[in-house]
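# Breakdown of the fold
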Amino acid sequence: MNYKELSKSVKNKEISPVYLFTGPEQYIGHMMEKTLIGTEIAKGLEPLNLTTYSDKNVDVSELLATCETLPMMSNKRMVIIREEAQLDKITDKKALDRITAYLEKPSPSTLLIIYWEQPDKRKKLYKSLTKAGSLVVFEKLDASDLTAWITRRIKNAGKKISRSELELFMQRSMYLMNEKKTMEMVDNELNSLIDYTGDRNEITREDILLILPQSTEEGIFKLIDYAVSGQKDQALLMLNHFYLEGESPFGVFSLLLRQIRMLLMVKIYNARGLSAKAVATEMKLAPFIVNKILKNGKNYPINNLWEVMVIGADLDAQMKLGDIDQNFALELFLMKIR
């Protein structure tokens, strides 16, 4: 199940005795964890009914004894095992057998949550967990869920935001275009934006531009534009600007390849007759992002983009093998873009 399905089951009081929280968005998992704590443990009695394991070398005997202990004046006792505890690294067969035995018949008065971001599905522990409890996968949000999340957060803060400003925030956050961007980062940006507006109810375009200045990724298209249009001197100046901001040559190169790859895919889908909305659905991007990519890349023929990707792949391999200096490779790449 995903986080929305988990929210629905909690609301309907259909709570499993064991949850395995996986996926890259562990921040959302922590928020759902707080929801479960608020639902199952009486307010003020958390110290008596909540145990968290986050250190390596978990004492399995202690863990299981805690799981078997009855709650005190609450619906449930909760036991949370963080990723850092490395439960999946336990190799002692007797200890694993005891954990498996518990999972086969978990205590009905205990709610056990185990975090395992990238589980090894071949392991006996994973198979036991998914058989005994509920698997919750916290994937990155899509455009629709991200819009709903931001809208809800802003509304809860007593603020208002227009559709165009909301899209600007999503664009500047780069969440949908950057695999490494998490909802924790987005929430921190939202908090900064909400705090900055103070007593004002309306979030303006100027607020967003100030709190989320243009990122390196946003500047990548301008860098590509300079290179494609033959303004190589401007491209190199912008490249040096990225270096001054702390970006590495390989980091900028990776961003360049990702943007070009995304541009190529959007143009291929568009050439097949798909609308911007259909392309957005196919690529799991927000429609406004697809429209922006199409607008920025209207002067880039598909054949040229294929050539650039081949050049980039070749230089990427040489860089990783140490056959070429990273700085030189990036400058050479810009020179070859046309």
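Structure: above.
### Things to note about the overall build of the protein chain
The number of helices and strands found in the protein chain is 17 helices and seven strands. Across its three principal axes, the protein chain shows a C-alpha extent of roughly 70 × 55 × 40 Å. Every one of the 338 residues in the protein chain was classed for burial, and the buried ones make up 47%. Long-range pairs, those at least 24 residues apart, make up 76% of the contacts in the protein chain between residues at least 6 apart in sequence. Working note: accessible area of the protein chain is about 18,000 Å², and carbon and sulfur atoms make up 52% of it. Here the protein chain carries 47 positive and 45 negative side-chain charges, and the mean point of each set is 5 Å from the other.

### As for the packing of aromatic side chains
Tallied over the entire structure, the rule returns six aromatic pairs. Between Phe-21 and Tyr-115, the ring centres sit 5.4 Å apart and the planes meet at 90 degrees, which makes this aromatic pair edge-to-face. With a gap of 94 residues between them, Phe-21 in strand S1 (residues 18-22) and Tyr-115 in strand S4 (residues 110-115) connect regions that are remote in the sequence. Across the pair, Tyr-115 and Phe-21 agree in class, each one buried.

### Observations regarding the side chain of Lys-232
Looking at the element boundaries, Lys-232 is found in helix H12 (residues 232-244). There is no salt bridge for the buried Lys-232, and the closest opposite charge comes from Asp-233, which lies 9.5 Å off by N-O distance. Only 2.9 Å separates the side chain of Lys-232 from the backbone oxygen of Leu-334, close enough to count as a polar contact. In contact with Lys-232, not counting residues within four places along its chain, are Tyr-226, Ala-227, Leu-334, Met-335 and Ile-337.

### Focus on the pattern of salt bridges
What the rule picks out here adds up to twelve salt bridges. One salt bridge connects Lys-181 with Glu-189, and the closest N-O pair in it is separated by 3.0 Å. The class for Lys-181 is buried, based on a relative accessible area of 10%. Salt bridges here are not isolated pairs; linked through shared partners, they connect Lys-93, Asp-97 and Lys-124.

### A word on unusual backbone geometry
Positive phi, normally seen in glycine, also occurs at Lys-13, with a value near 60 degrees. Residue position: Lys-13 is located in the loop between helix H1 (3-11) and S1. Residue Met-73 is not a glycine yet carries a positive backbone phi of 55 degrees. Position of Met-73 among the secondary structure elements: in the loop between helix H4 (60-68) and strand S3 (77-81). The class for Met-73 is exposed, based on a relative accessible area of 65%.

### Quick notes on the side chain of Lys-181
Residue placement: Lys-181 occurs in the loop between helix H8 (163-173) and helix H9 (183-197). A polar side-chain atom of Lys-181 sits 2.3 Å from the main-chain carbonyl oxygen of Ser-173. A distance of 3.0 Å separates the side chain of Lys-181 from the side chain of Glu-189, its partner in a polar contact. In contact with Lys-181, other than residues within four places in its own chain, are Glu-25, Lys-140, Ser-173, Met-174, Tyr-175, Val-186 and Glu-189.

### Comments concerning the nonpolar core
Ranked by internal contacts, the top residues of the largest apolar core, which has 82 residues, are Tyr-19, Phe-21, Leu-36, Ile-113, Leu-223, Leu-256 and Phe-333. For this core, the leading source of residues is helix H13 (residues 249-271), giving twelve residues. Every residue in contact with Leu-256, bar those within four places of it in the chain, is listed here: Ile-220, Leu-223, Ile-224, Leu-330, Phe-333 and Leu-334.

About the criteria used
- Counting of residues starts from 1 at the beginning of each chain's written sequence and follows it residue by residue.
- In view of the model being predicted, local features appear only for residues whose pLDDT reaches at least 70, and side-chain atom pairs are presented and counted only at 80 or more, with totals across whole chains, interfaces and linings using the full set of residues.
- To obtain the side-chain values, all non-hydrogen atoms of the structure were included, while hydrogens and water were left out.
- In this text, helices come from DSSP runs of H or I with a minimum length of four residues, and strands from runs of E with a minimum of two, each type numbered from the N-terminal end.
- Using a 1.4 Å probe on the protein chains alone, a residue whose accessible area is under 20% of its type maximum counts as buried, one over 50% counts as exposed, and one in between counts as partly exposed.
- Contacts were defined at the residue level, with two residues in contact if any of their heavy atoms lie within 4.5 Å.
- For the area figures, the Shrake-Rupley method with a 1.4 Å probe applies, and any residue is considered shielded solely by the protein chains shown.
- Charged-residue counts in this description rest on Lys and Arg as positive and Asp and Glu as negative, His and the chain ends being excluded.
- For the purpose of locating charges, the reference atoms are NZ of Lys, CZ of Arg, CG of Asp and CD of Glu.
- Any pair of Phe, Tyr and Trp rings, taking the six-membered ring for Trp, is counted once the centres come within 6.5 Å. Such a pair is stacked with planes under 30 degrees apart, edge-to-face with planes over 60 apart, and tilted for the rest.
- Note on definitions: salt bridges are taken to be side-chain nitrogens of Lys or Arg within 4 Å of carboxyl oxygens of Asp or Glu.
- N or O atoms closer than or at 3.5 Å make up a polar contact, with two conditions inside protein: a donor-capable atom paired with an acceptor-capable one, and, for residues adjacent in sequence, both atoms drawn from side chains.
- In these notes, a set of buried Ala, Val, Leu, Ile, Met, Phe, Trp, Tyr and Cys residues joined through side-chain atoms within 4.5 Å is what counts as a nonpolar core.

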